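Residues per chain are reported as follows:
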Amino acid sequence: MNAEARALIEARGVVCRRRGEPVLRLPEMTIAAGERLVVIGPNGAGKSTLLLALARLLRPKEGTFLYRGVPYQDIPALEFRRKLGLVMQSPLLLRASVWQNVALGLKFRHLGEEEIRARVARWLDWLQIAPLADRPAHQLSGGEAQRVSLARAFALEPEILLLDEPFSALDAQTRWHLLADFKAALARLSPPPTLVLVTHDLDVARSLGERVAVLMDGSLRQLGAAADVFARPRDCEVARFVGMTNLWPGRVVAVNGVQRVVELDAGEGKRVAVASPGHLAAGSPVWVGIRPEHVYPASQGARSNVLAGPVQQVVAQGPLWRVHVGGPLGVVMLGADEPAFRSGEEIRVYLPPERLHLMPRA
Amino acid sequence: MDWILKGLWQAFLLLLHGDPEVLGIAWRTLKVSGAATLLSLVLGLPLGTLLALVEFPGRRIALSAFNTGMALPPVVVGLVVSLFLWRSGPLGELGWMYTPQAMVVAQFLIAFPVVVSLAVTALQQLDRRLRIQLLGLGASPGQLVWALWREARLPLLAAVIAAFGSVISEVGASLMVGGNLRGRTRVLTTAIVLENSRGEFAAAIALSAVLLLLAYLITLALTLLQQRGAAQE
């Protein structure tokens, strides 16, 4: 099956505006049937607009989306919306019991009593909220309420599952528990739904997405396999957003097969070797980037791809440790072990050539 | 002061013995005001929903008109309805002047803006995103509206209580279009006015007691309904 045949939703020249200003521009984009797409981007990037437009709850000013090759406007609105399950950042539960809330979409679809009872019971159980079934929804904690909201969408066993920041209003611990249960619940849906999840949380994106789309200022900046987007961002803005904090401007000075030598602008002609499969010729201005978790303390004998500088700061980041190294080529290193460095101590760090990434620079 | 106590005692006796005329007036009051309230709900709730949920040109103007309508003086309503129903008026052929129908129409005009205004407020208090969420769960337009009404049921019942309260206590319009005809259009408020003007204070007090009791019982029933909903939250 080729990609075209598997395309479930396509965007064709979509432009959405708010008060005349374009907030989303999607010349083209394809979402394959059954894939998990996570849309990331800073606040105001147009993520929620995209989700609402995909759900057909917001009509683009120009262009259209296609569902299985048919323009949205040629499909009866209700018929299309009943292929969806929508979960929003705020649970938006009705003033009714948990059970009634989860049954809501099924009742909208006029399913039989038996079927409704079975499905609600199943999804309450799978999302670990069966004991709350008779509780009034307005008495739940934030995490419980969001579980109900998820169960309400999952119970529809929809073809397309659209989620707008479903975990971001929760505290960290609740978020990780729910994320784990969410993944387990997702695996129970058969056939697997096409999932589009919008988030500004990179950890959620990395843990859920097969593909990641990066939206910035209303434009799709990069769309690719999650690992690819995080390790090989297309430009330095995307790189900054996906957490590639180490970025240096430089110029390619030599090309040896797939290896390129880059002279960095700062650091008195410091050169680093980069294993890059790209097409950047000698003389090209570039950005050199590396994720902080791919920077290591240099071994004694290491000579090339080594930067040196004083330790400025050591801070905990979740269970990891983040070391900020100063000097003309400041660098951030992220590791699992608490470093023994003292503030101000001169250290040397190693940048593995295969982990360094080159991006064109204007 | 004697006559006040005497009046209260007589009122008590009247009620105790179930004076057929008083009961008849009370029953008519309930029918007329109940019908007017029901009619204002049936027409006012959909209009209020439209005004609350749909953006269209002139919406704000319509909304402020209905808000003003909440303070509509009953005598003005009585005058307008009289003009229309008068034998030579545009609707004179109906022959409704001095009938309970005319009173229902007048009371409806008083209750209608109350229902519309308070329904708009009730529905606009809901989280705007709830509409998107419900549509995203596959609600048809009808199911969406029904779910929103259910969600706003407490303030919507408050709108019904306010509407009923405004018409059952109203006297000007009922007097003008109903005429206070004994056995036909006499309701509690108009009867109280009459008894008071005749110096029959005992009867006036008795009728007032019945009116208060009736208003209280209906409001109590609606409140119980409302609070049963509140308890379910």
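All values reported here derive from a predicted model rather than from experimental measurement.

Side note on helix α8 (residues 153–168) of chain B
Piece 1. Spanning 16 residues, α8(B) covers 22 Å between terminal C-alpha atoms, matching the ideal 22 Å at 1.5 Å per step.
Piece 2. Within α8(B) the residues assigned to the buried category are B:R153, B:L154, B:L156, B:L157, B:A159, B:V160, B:I161, B:A163, B:F164, B:V167 and B:I168.

Quick look at the side chain of B:T99
Residue and element names in this part refer to chain B.
Piece 1. When you line up the elements, T99 lands in the loop between α4 (74–85) and α5 (100–124).
Piece 2. One polar contact links the side chain of T99 to the main-chain carbonyl oxygen of W96, over a distance of 2.4 Å.
Piece 3. In contact with T99, other than residues within four places in its own chain, are V177 and T185.

What to know about the packing of aromatic side chains
Residues and elements named next belong to chain A.
Piece 1. With the rule as written, the count across this model stands at 12 aromatic pairs over all chains.
Piece 2. An aromatic cluster of three or more residues is present, and its members are W123, W126, F154, F167 and F182.
Piece 3. Between R206 and the ring centre of F230, over which it is positioned, the NZ or CZ distance is 5.1 Å.

Considering the interface of chain A and chain B
Piece 1. Contacts between chain A and chain B engage 27 residues on the former and 17 residues on the latter.
Piece 2. In total, about 2000 Å² of surface goes out of reach between chain A and chain B, with carbon and sulfur atoms giving 59% of it.
Piece 3. Applying the counting criterion to the chain A and chain B interface returns one salt bridge.
Piece 4. A:R95 is paired through a salt bridge with B:E151; the nearest N and O atoms lie 4.0 Å apart.
Piece 5. Inspection of the region where chain A meets chain B yields 11 residue pairs in polar contact (both at pLDDT 80 or more).
Piece 6. Secondary-structure elements contributing two or more residues to the side of chain A that touches chain B are α3 (77–81), β6 (84–87) and α4 (98–108) of chain A.

A few points about the nonpolar core
A general trend in soluble globular proteins is that nonpolar side chains are found buried together.
Piece 1. A:I40, A:F65, A:F154 and A:F182 are the most contacted members of the largest nonpolar core, which has 130 residues in total.
Piece 2. At 15 residues, α5(B) tops the list of elements feeding residues into this core.
Piece 3. In this view, A:F154 contacts A:W123, A:L127, A:L161, A:F182, A:A185, A:L186 and A:L189; residues no more than four positions away in its chain are not counted.
Piece 4. By size, the runner-up hydrophobic cluster in this structure holds 23 residues, among which are A:W248, A:V262, A:V349 and A:L358.

A closer look at the confidence of the model for chain B
All names here are of chain B.
Piece 1. The share of residues in chain B with pLDDT of 70 or more is 98%, and the mean pLDDT across the chain is 90.
Piece 2. Across chain B, α5 holds the top mean pLDDT of 96, while helix α1 (residues 2–17) sits lowest at 79.
Piece 3. Predicted complex metrics record ipTM = 0.86 and pTM = 0.85.

Thoughts on the sheet that holds strand β17 (residues 320–325) of chain A
Residues and elements named next belong to chain A.
Piece 1. One open sheet accounts for five strands, arranged β15-β19-β16-β17-β18; its pairing is antiparallel. Each edge of the sheet is formed by a strand with only one pairing partner; in this case those strands are β15 (296–297) and β18 (331–335).
Piece 2. With two bridges joining them, β15 and strand β19 (residues 346–350) adopt antiparallel strand pairing. Among the inter-strand pairings, P297 is bridged to a residue of β19, identified as V349.

Comments concerning the pairing of strand β10 (residues 219–225) of chain A
Residue and element names in this part refer to chain A.
Piece 1. Inspection of the sheet shows strand β9 (residues 211–216) paired to β10 by six bridges, in the antiparallel sense. For V214, the partnering residue across the bridge sits in β10 and is Q222.
Piece 2. Linkage of β9 to β10, two consecutive antiparallel strands, is achieved through a turn of two residues, within which D217 is found at a positive phi near 50°.

Regarding the domain arrangement of chain A
Residue and element names in this part refer to chain A.
Piece 1. Its domain assignment divides chain A into domain 1 (7–238) and domain 2 (244–360).
Piece 2. With eight residues of domain 1 at the contact, the number on the domain 2 side is eight residues.
Piece 3. Note on domain 1 versus domain 2: buried area summed over both sides is about 660 Å², and carbon and sulfur give 59% of it.
Piece 4. Broken down residue by residue, the surface that domain 1 buries against domain 2 is led by F230, P233 and C236, which jointly contribute 55%.

Structural notes on the pattern of salt bridges
Piece 1. All told, the structure shown has 22 salt bridges over all chains when counted by the stated rule.
Piece 2. Among the ionic pairs, A:D265 bridges to A:R361, the shortest N-O distance being 3.4 Å. Taken together, the residues span a long stretch of sequence, with A:D265 in the loop between β12 (259–264) and β13 (271–275) and A:R361 in the segment after β20 (357–360) at a distance of 96 residues.
Piece 3. Residue class for A:D265 comes out partly exposed when judged on its relative accessible area of 47%.
Piece 4. With its nearest N and O atoms 3.5 Å apart, the salt bridge here joins B:E55 to B:R59.

What to know about the sheet that holds strand β11 (residues 246–256) of chain A
Residue and element names in this part refer to chain A.
Piece 1. In spatial order, the strands read β13-β12-β11-β14-β20; together these five strands make up an open sheet with antiparallel pairing. Edge positions in the sheet fall to β13 and β20, since each of these pairs with one other strand and no more. On average, each strand axis in the sheet is inclined to that of its neighbour by 45°, with strand direction left out of account.
Piece 2. Pairing geometry for β11 and β12, over six bridges, is antiparallel.

Describing the side chain of A:R322
Piece 1. Residue position: A:R322 is located in strand β17.
Piece 2. Here A:R322 occupies a buried position and makes no salt bridge, while the nearest side chain of opposite charge, A:E293, is found at 6.9 Å.

Examining the packing of α4(B) against α5(B)
Residues and elements named next belong to chain B.
Piece 1. Contact geometry for α4 and α5: axes closest at 9 Å, N-to-C directions at 135°. Between α4 and α5, the interaxial angle falls into the category oblique. Remark: the crossing between α4 and α5 carries right-handed chirality. The residues of α5 that touch α4, namely those facing P74, V77, V81 and L85, are A102, V105, A106, L109 and I110.

Re a nonpolar patch on the surface
All names here are of chain B.
Piece 1. A surface patch of nonpolar side chains, about 870 Å² in accessible area, is lined by V75, V76, L79, V80, L83, F84, L91, L94, L175, M176 and V193.
Piece 2. Breaking the nonpolar patch down by element, the ones donating at least two residues are α4 and α9 (172–178).
Piece 3. At six residues, the largest contribution of residues to the nonpolar patch is made by α4.

Quick look at the environment of A:H324
Residue and element names in this part refer to chain A.
Piece 1. Looking at the element boundaries, H324 is found in strand β17.
Piece 2. Overall, the relative accessible area of 21% leaves H324 in the partly exposed class.
Piece 3. When the C-alpha positions of H324 and Q313 are compared, they lie 5.1 Å apart, and in sequence the two are 11 residues distant.

Reading the values: the criteria
- Residues numbered from 1 in each chain as written.
- Chains lettered and ligands numbered in written order.
- Predicted model: local features only at pLDDT ≥ 70, side-chain atom pairs only at ≥ 80, totals over all residues.
- Heavy atoms only, no water.
- Helix = DSSP H or I, 4+ residues; strand = E, 2+ residues; numbered from the N terminus.
- Expected span 1.5 Å × (residues − 1).
- Buried < 20%, exposed > 50% of the residue type's maximum accessible area, 1.4 Å probe, protein only.
- Polar contact = N/O pair within 3.5 Å; in protein donor to acceptor, adjacent residues only side chain to side chain.
- Contact = heavy atoms within 4.5 Å.
- Phe/Tyr/Trp six-rings, centres within 6.5 Å; stacked < 30°, edge-to-face > 60°.
- Lys NZ or Arg CZ within 6 Å of the ring centre and 35° of its normal.
- Buried area = accessible area lost by both parts, 1.4 Å probe.
- Salt bridge = Lys/Arg side-chain N within 4 Å of Asp/Glu carboxyl O.
- Core = buried A, V, L, I, M, F, W, Y, C linked by side-chain atoms within 4.5 Å.
- pLDDT = per-residue confidence, 0-100.
- Pairing = 2+ DSSP bridges.
- Domains from an automatic or database assignment.
- Axes fitted to C-alpha atoms, helices over the stretch in contact; angles between N-to-C directions.
- Lys, Arg positive; Asp, Glu negative; His and termini not counted.
- Parallel < 35°, antiparallel > 145°, perpendicular 65-115°, else oblique.
- Left-handed = near helix turned anticlockwise from the far one by under 90°.
- Patch = residues over 30% accessible without salt bridge, like charges linked within 9 Å, V, L, I, M, F, W, Y side chains within 5 Å.
- Areas by Shrake-Rupley, 256 points an atom, 1.4 Å probe, with all protein chains shown as cover.

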